[in-house]
Amino acid sequence: MDSGEQQQPTLAQLDTWCEQALSSPVPEQREEAERRLRYYFPTFSETPAEMSGAHGFGAGQQQVMAVFPAIKGPADAASWMAMFLRQSSRVFSLSYIVRRLRVLVLNHLAVMSNDQKTDLLGNALLGTIQEKFLELPPFLIDDTARALALVMMFTWFDLPESADVVDTVLEMAAASDKHQILALQMLRAFVEEFNKELPHRFISRQRRVVVTFRDKQLKSIFEHSLSAMRSAISRLSDPDRGREQAMVLSQALLVQRDCLAFDFIGLAPDESSDDAVAIQIPSTWKDIIQTDDFLDPYFDGYKRCSPPVSSQFVEVLVMIASIRRSFYMESVRVAFVKRMCSGIVEILTNGIGLDDVENYHHMHRLLARFRCIHTLIEIEDSPIYRELLAAVAAFSLTGLTLYEWSPNSIAPLLTFWSKVASTHDMRDNANAEISGDLIASTLPQIIREYMRAMILATMRVATGETLADNPLENVDALLDSMALVANIARSSYEACAPVILEIFREMAAKYQALLNSGQAGDDAVVVIEGQLAWPVYAVAQCISARQPYKSLPEDDRLDAEMFATGLELDRLVQQRIQSSITAPPPESLELAFLQMYQGFRASYIGEQNYKTNAVYAKLSSFVGLKDSSSVLELVLQKVLFNFRTWSSQSLVIQRSLQLFHDMSIGYVSVRQVAKLDTVKLLLANHSSEQFQFLRSIDEFKLRSQYYAGLARILFTGDATLSQFSQFMQPWAQAIDRLMGLSDAQLAQDSVRAELIRILRDLRGFLSAVSSKTNYILFFDWISAGRMRLVHRCLQIDNDPRVQVAALKFLAEFVYNRTQRLNFDVTSANGILIFREASAAIWEYGNFILKSSQPVRDVYKDRYKGVAVCFNVMMRLITGKYVAIGVMPLYGDTALEHAYGIVLELLKKLPVSDVIAYPKLGKATMSMLEALLAKNNIDLVGLDEMAYEQIMRLCVEAFDHAETTVSSHACSVIDNVLTSAIEGTDSGKHANAVRLVRDRPDIVKYLLRTLLNIVLFEDRPNDWSFSRPLFCLVVLDGDFALQHTSQIVQYQHAERREELIKALKDLFSAADFVLTTSNRDSFTQALTHYRREVTSKNLILMVPTNQTLGATVDIMAHDTTSKMSGAQGPGGNGDAKDSEEGAMAD
């Protein structure tokens, strides 16, 4: 720090730095301001890595962070922040300091005295709000109140003042309307903060506090908001206070909403659906909610207020309607349901407030949630039930036509009627006493109006008459809505299916008339085709919704009629595509057809033998399809037609391939498909240039899915050699032709594209080969001189795509998927595969190391191929289909070449790129874990440079985004160190012993890094970190104790005793001699240590230049220390000083 920074800054300076840190457009200015503010307002929460940055193996002293001399610990920092909070009036300053204070409280509040906590709670945070709330913007009041809530949470059981804060806020509310608004805003922040999940290490403590808060405070907060709401409603007519009362109402309703959304049962709610998540409100709230007039203020307030307050009333009603049914006694529930129904009926009948889109939308949500939670069976014989259904029916028939105004309101409306339909039986249709006649007449109307509204909206969007979104674009939402329509239709199929058919045939007739007119413009045809997607989707979802155990023969016949109608339209569309009309049909219509075929296949041609005679009898009379095979033939022809017609970028191709994939899996399905004439023709002409997506080299996933499906069909049963040879003939001819070209000809653009296609196709085909018999067929085919093409592709130095395609094929070729490469002991296939892969790795590795080609994109041009090389090596080693250990015995250089080039690539790999390119880091660590396994490490031939680089890469991988990668890195270090320690006694692993012995600085650096991670961070894979850490302590236990003692020296005095005890238990739990039982004991001790520090909130502070305490000795009082006599190379007596042999980073 500069000498100027030793002086106390002025308030103006701090205000300036805070403003610069939060708003400066100049990055350098922001960073400098942030650095200065960290110096004066430390949180002691940075990790050692964040504090000191990367440092080399030679950095032996504990890194410390510089802070302002007046700050000796978290308590001083909190006091310093509190003082600044009280003195400053700048919004930027207050916002910055509240956020810093929150971090400090979260991690280090426990080390402060009760007086300091009380001052922070009352004077700093609560006092700031009370004194400055008129000047503060709402967001800053909210941030400060949340920080106050965090202090309350962590001092709840220590300070009686914490629980009293809520009472203080409630008392403050009585002072004026502005104080009432402030109190409600603070209460809302309290509820939200207590309901928010903290980091994992605080969960157990938070849960205990939250349960107490829920039981003792939440109810009073809810009661206060109710009282404030009722009082504000009564004063709305006051012209002098109307605006403030509206603000009170808004805040009170927000508090109620958050109270009702509280996590009452201690589990995270499933928010994946807005449908029927019941609120588990406590029974102790019955005296508040189970009153005769509880709902009256909400409906009264809604009618008297204007938006946005009126929409908040409905939003809270949605929450109230979601309260679990079991909360109410039977008689009370009936009264509650009737009052809710009467309020809804009044609003819907008179259209109160429904001209506002928010009110309108929340009313739809209220209908859906109310019907999802309450079945309404208890009032179905009451007049109010019929009134509700009639009002909702009229509202729905109008609302379904307003898609453009409120598109998100359609789904809740369909949900309401879907729930009504699910409890409605066709036998109830004539029962007027339970409104069966009304439901029976309404359901077909709902379907009709929805379909017509969507058809009209699609036309208006297509013709540019509206700026609304096209409802066909969001396919997932469309399918969800259509599933609700299908549920409604299936409940009364004889009445609803004809409605769908009527609309379908009406639209189809218009379409055919337009085509037959001979004067149809492209735009007009495309518009009506987009509209036709809706009836096709309706047919598809209705067929998909079939339930075999409930479906009647009459329902199956209706399915057949609708499916036949869809088939006729599809044939008409296919004829139109081949006509003179140049514009392609909209994707939405083709996706709807595919959904229809998929639905019929799933419902009537599944893996189980359903009783489907009725549907095929009807289909035979309509379109001549007599059985499932004829339908499958038709479906496959449709898929192939799409392959010929649509481009690879189209979603139609993706869905067509998905349908083809689904047809090729399943024991029964794939066997049915394999017998089809179309499939036999396809297998004989699979590389047809008629398929547009096969012409592209960029759509590997599509090609892979296509050829994987063909492979599964080809190998259904036992494919003969002649069948296999016939299938592979197009590739064989292409490869043989390419092999005859010169290197210069192979490098031409058109030839490179063909190479990529072939390699990707072969890779996709091979990915579906799962048995040894079938793999041997492919192996024999590719080994007949064709593997040479892969090696020649690796020599094409002007196109990394070709090289990567060849390497990825090789990675699939060597992959022992489902044990398909487990050859007989007399077979040399495994060795041949290893030689081919070794040669390929050698060729590509040398190209990378010696290439002078310009690098435009380092990942695509270099790292992508290197990562695949590493994957190839990993699969070769872990496949276990070749005894690689015997290769050096008979002079086979394949192993030496492969390992040598991999090590050279690792040496050239920048350490930081392991994190910068996640796929590269994952491939590197996976390969190293296999390469340096104990049974393989002696074959690798590590030198000191490679050893150092690998350790650096592993340390960098500790911070990889994927936890599995850091676990792999831990395993690599553990394997190397374990081999070195075991080799010291056994005489084996001489190279590993030498490397570890000669580089004690690496051991110390690894020890320091792993101890910092274990002590300062909370990782989900502590088990993985414990394994190499145990080995490191075995190697240099003295340094482990020395470093840990240094860390303890910098901790707060109140924490040291408990921390020393926890660390002493950790280091005394096992004898530091390398055995399995000692490893497990140390891992268990580390888990126990983590549990102890979490339960006691022993969060370590980052060492600073102001927090150094007296020297400590963790094992000072341990007469049975197990740390003495470290085992292995570099142990106690042989250890060099940590600064000897220091290397530059």
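Please read these numbers as outputs of a predicted model, since none were measured by experiment.

Novice: Tell me what's going on with the pattern of salt bridges, and back it up with residues and numbers.
Specialist: For side chains of opposite charge, pairing can occur when their charged atoms come near one another. Following the criterion strictly, the structure yields 62 salt bridges and no others. Ionic pairing is found between Arg452 and Glu506, a salt bridge with its closest N-O pair at 3.4 Å. Here Arg452, found in helix H19 (residues 436-462), pairs with Glu506, found in helix H21 (residues 493-516); they are 54 residues apart in sequence, far enough to count as distant. Take Arg452: its relative accessible area is 31%, and that puts it in the partly exposed class. Residue Glu506 is classed as partly exposed on the basis of its relative accessible area of 30%. With its nearest N and O atoms 3.4 Å apart, the salt bridge here joins Arg1027 to Asp1080. You can see Arg1027 sitting in helix H47 (residues 1022-1035) and its partner Asp1080 sitting in helix H50 (residues 1076-1095), a full 53 residues away along the chain. Residues joined by salt bridges that share partners form a network here, namely Arg102, Asp142, Arg146, Arg188, Glu192, Glu193, Lys196, Arg257, Asp258 and Glu315.

Novice: Hey, could you go over helix H20 (residues 475-491) for me, with residue numbers and the actual values?
Specialist: Over its 17 residues, H20 runs 24 Å from end to end, which matches the ideal 24 Å to within 8%, given 1.5 Å per residue. Counting buried residues in H20 gives 12 out of 17 residues, a clear majority hidden from the surface. Listed as buried for H20 are Val475, Leu478, Leu479, Ser481, Met482, Leu484, Val485, Ala486, Ile488, Ala489, Arg490 and Ser491.

Novice: Break down unusual backbone geometry for me, citing the residues and quoting the values.
Specialist: Cis geometry is found at the peptide bond from Pro307 to Pro308, where omega equals 5 degrees. When you line up the elements, Pro308 lands in the loop between helix H13 (296-304) and helix H14 (309-321). Positive phi is not limited to glycine here, since Leu376 has a value of about 70 degrees. Positionally, Leu376 belongs in the loop between helix H16 (357-373) and helix H17 (383-399). For Leu376, a relative accessible area of 1% gives the class buried. Within the chain, His989 stands out as a residue other than glycine whose phi angle is a positive 50 degrees. Looking at the element boundaries, His989 is found in the loop between helix H44 (963-986) and helix H45 (990-998). The class for His989 is buried, based on a relative accessible area of 12%.

Novice: An account of the nonpolar core is needed here, citing residue identities and associated values.
Specialist: The nonpolar side chains of soluble globular proteins are, as a tendency, buried together. Counting 405 residues, the largest nonpolar core has Phe190, Leu619, Tyr706, Phe765, Phe778 and Phe813 as the members making the most contacts within it. With residues near it in sequence (within four places) discarded, Phe778 still touches Phe724, Met728, Leu762, Phe765, Leu766, Phe809 and Phe813.

Novice: Please set out the confidence of the model for the chain residue by residue, giving values where relevant.
Specialist: Looking at the chain, the pLDDT average stands at 88 and 93% of residues meet or exceed 70. Below a pLDDT of 50 lies the segment residues 267-276, which in the model reaches 10 contacts outside its immediate sequence neighbourhood of four places, other chains included.

About the cut-offs
- Residues numbered from 1 in each chain as written.
- Predicted model: local features only at pLDDT ≥ 70, side-chain atom pairs only at ≥ 80, totals over all residues.
- Heavy atoms only, no water.
- Salt bridge = Lys/Arg side-chain N within 4 Å of Asp/Glu carboxyl O.
- Helix = DSSP H or I, 4+ residues; strand = E, 2+ residues; numbered from the N terminus.
- Buried < 20%, exposed > 50% of the residue type's maximum accessible area, 1.4 Å probe, protein only.
- Expected span 1.5 Å × (residues − 1).
- Core = buried A, V, L, I, M, F, W, Y, C linked by side-chain atoms within 4.5 Å.
- Contact = heavy atoms within 4.5 Å.
- pLDDT = per-residue confidence, 0-100.

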